[in-house]
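In case you want the letters, here they are:
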Amino acid sequence: MPLGNAQPVIGGVANAELLEDQAPIVTGLPGIIATMTDPWPAAYGSAEFLRAWARQPGFWLLK
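All values reported here derive from a predicted model rather than from experimental measurement.

Participant: With reference to specific residues and values, describe the overall build of the chain.
Facilitator: Looking only at helices and strands, the chain features two helices and four strands. Going from N to C terminus, the chain has its helices and strands arranged as β-β-α-β-β-α. For the chain, the residues scored as buried account for 29% of the 63 residues in total. Sequence separation of 24 or more characterises 46% of the internal contacts of the chain that already satisfy a separation of 6 or more. Of the roughly 4,100 Å² that the chain leaves accessible, carbon and sulfur atoms contribute 63%.

The following block contains the structure:
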């Protein structure tokens, strides 16, 4: 099962769509700019965040 969908957006900010149980995981990662839960869980962060998120066990990058 994919564990995240991260996409770069304008300004060097990564947008990671999350599963419900992943929000607590990303909250503690470096480089977090913002998180949201509506309409779905997502996190926005810097390149540092994206690197840390990609190192999490089971992470999959989707197009």
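Participant: How would you explain the nonpolar core if you had to name every residue and give the values?
Facilitator: The nonpolar side chains of a soluble globular protein tend to be buried with one another. Formed by Ala16, Leu18, Val26, Leu29, Ala43, Phe49, Ala52, Trp53 and Phe59, the largest nonpolar core amounts to nine residues. The element that contributes the greatest number of residues to this core is helix α2 (residues 47–54), accounting for three residues.

Participant: Residues and numbers for the pairing of strand β4 (residues 42–45), please.
Facilitator: In this structure, strand β2 (residues 13–17) lies alongside β4, joined through four bridges in antiparallel fashion. In the strand pairing of β4, Ala16 is matched with Ala43. Bridge analysis of strand β3 (residues 32–36) against β4 gives four bridges, and the strand direction is antiparallel. Bridging across to β4, Ala34 finds its partner in Tyr44.

Participant: Give me α2: which residues, what numbers.
Facilitator: Turning to α2, its buried residues number three or more, namely Phe49, Ala52 and Trp53. Buried residues in α2, looked at end-on, bunch into an arc of 100°, giving them a common side. Packed against the buried residues of α2 are β2, α1 (23–27), β3 and β4.

Rules behind the numbers
- Residues numbered from 1 in each chain as written.
- Predicted model: local features only at pLDDT ≥ 70, side-chain atom pairs only at ≥ 80, totals over all residues.
- Heavy atoms only, no water.
- Helix = DSSP H or I, 4+ residues; strand = E, 2+ residues; numbered from the N terminus.
- Buried < 20%, exposed > 50% of the residue type's maximum accessible area, 1.4 Å probe, protein only.
- Contact = heavy atoms within 4.5 Å.
- Areas by Shrake-Rupley, 256 points an atom, 1.4 Å probe, with all protein chains shown as cover.
- Core = buried A, V, L, I, M, F, W, Y, C linked by side-chain atoms within 4.5 Å.
- Pairing = 2+ DSSP bridges.
- Arc of directions from axis to C-beta.

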